[in-house]
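# Observations on the model geometry
Next come the chains, spelled out residue by residue.
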Amino acid sequence: NQPQISTDVNEAAQVLLSGGIIGLPTETVYGLAACALNQSAVSKVFAVKERPTSHPLIVHLSPEEDFTKWGVFTSDALRLARAFWPGPLTLLVERTKIVPDWVTGGRDTVALRVPSHPVAIALVVAPSANKFGKVSPTTAQHVLDDLGVSVDLILDGGSCEVGVESTIVECLGDSLVLLRPGAISAEQIQDAVQAQLTTEQGVSRAPGMLVSHYTPDADVVLVDSIEEAQRYKTKLESEGGKVAIISHRHVDEYAKKLYDELRDADNNACSSVIAVMPQDSGLGTAIRDRLRKAASR
Ligand code: TXA
Ligand code: MG
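## A closer look at the overall build of the protein
- When helices and strands are counted, the protein shows nine helices and 15 strands.
- Relative to a compact globule of 297 residues, whose C-alpha radius of gyration would be 19 Å, the protein shows 19 Å and is just as compact.
- For the protein, buried positions account for 53% of its 297 residues.
- The long-range share in the protein, meaning contacts at least 24 apart out of those at least 6 apart in sequence, stands at 69%.
- Only carbon and sulfur atoms are counted for the fraction: they give 48% of the accessible area of the protein, which is about 13,100 Å².
- Within the protein, one finds 27 positive and 37 negative side-chain charges whose respective centroids are separated by 3 Å.

## Re the sheet that holds strand β14 (residues 243-246)
- The three strands are arranged β13-β15-β14 in an open sheet whose pairing can be described as parallel. The sheet terminates laterally at β13 (219-223) and β14, the two strands that pair on one side only. With direction set aside, neighbouring strand axes in the sheet form an average angle of 20 degrees.
- Across four bridges, β14 lies against strand β15 (residues 272-276) in parallel orientation.

## Focus: the pattern of salt bridges
- If you walk through the whole model with that rule in mind, you get 14 salt bridges.
- Taking the shortest distance from any N to any O, the salt bridge between R263 and D146 comes out at 2.7 Å. Placement of R263 in helix α8 (residues 251-267) and of D146 in helix α5 (residues 140-147) is noted, with a sequence separation of 117 residues between them.
- For R263, a relative accessible area of 10% gives the class buried.
- For D146, a relative accessible area of 21% gives the class partly exposed.

## A short note on the side chain of T215
- Topologically, T215 is positioned in the loop between β12 (198-199) and β13.
- Looking at T215, its side chain comes within polar contact range of the main-chain oxygen of G133, at 3.1 Å.
- Look past the residues within four positions of T215 in its chain and what remains in contact with it is G133, K134, V135, K293, A294 and S296.

Calculation criteria
- Residues numbered from 1 in each chain as written.
- Chains lettered and ligands numbered in written order.
- Predicted model: local features only at pLDDT ≥ 70, side-chain atom pairs only at ≥ 80, totals over all residues.
- Heavy atoms only, no water.
- Helix = DSSP H or I, 4+ residues; strand = E, 2+ residues; numbered from the N terminus.
- Rg over C-alpha atoms; globule rule 2.2 N^0.38 Å.
- Buried < 20%, exposed > 50% of the residue type's maximum accessible area, 1.4 Å probe, protein only.
- Contact = heavy atoms within 4.5 Å.
- Areas by Shrake-Rupley, 256 points an atom, 1.4 Å probe, with all protein chains shown as cover.
- Lys, Arg positive; Asp, Glu negative; His and termini not counted.
- Charge placed at Lys NZ, Arg CZ, Asp CG, Glu CD.
- Pairing = 2+ DSSP bridges.
- Axes fitted to C-alpha atoms, helices over the stretch in contact; angles between N-to-C directions.
- Salt bridge = Lys/Arg side-chain N within 4 Å of Asp/Glu carboxyl O.
- Polar contact = N/O pair within 3.5 Å; in protein donor to acceptor, adjacent residues only side chain to side chain.

In short, geometric facts, not functional conclusions.
In structure tokens:
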């Protein structure tokens, strides 16, 4: 009794329109999609993810949609939308009246994103299609492994191009705050708006930016070089551990494979994963963020 895995976008859209929830590919990670205007469908998303309702959802819009219907865009927010949509950027803006409370958890802000994936479907909420706090899915099989029969259909779009979740920038009043690093880097954002971006420190205002997140069952150990990783692996193995190493020279490849390799470590019953931290710039910053969260519990 498995959900259907399909490559037919029209079929997926039909399931959404009739109140179903589906695994939806995007360029970042797979989302668990429901029609944003359908309260009971959206509540299924929270239930299936086991996500507290205080963690609001990103509304995904199609490139044709007039995004200003959904949010109040400051001039900086408009510049960012024009520069990076469709793409892996989420903008947190003041919401308009048509945004339902069940999407924002009653907050007066809404997270909006126009994904660039060819099969992205308009007007859906789509948190990552994993259980709350666990590793995000980057293939249809990952969605099936995590959520199985709880979803009505999984739209298979192959493996995700980017591999880590979108950059989230809060654009309220005059301030621009980076809430989650992603494929669109802080430098790119600053270049587009010609303004300083601050980084949220300490207890974040965005729920879900928890310190512990994206955690596999294996212990995640962070090191700075492959030599250090090898030494540590030898040590852990001598103590009877089963160890995997994650290391890639290029950050694009690192991001694309990261979640699959964390999942593999669990599938292979590894006790530890040793990850070599990439450089702290561009996509490397996002990978370091996810690795740190995977390592803390
Ligand atoms: O790349 C992505 O953004 C993926 C794909 C599927 O689009 N989606 C995703 O959604 O990562 P999710 O729900 O796993 O992460 C969205 C984050 C959550 O931490 C949530 O709490 C925060 O955005 N968020 C959403 N709406 C918010 C709001 N109104 N105020 C503060 N935080 C918000
Ligand atoms: Mg998530």
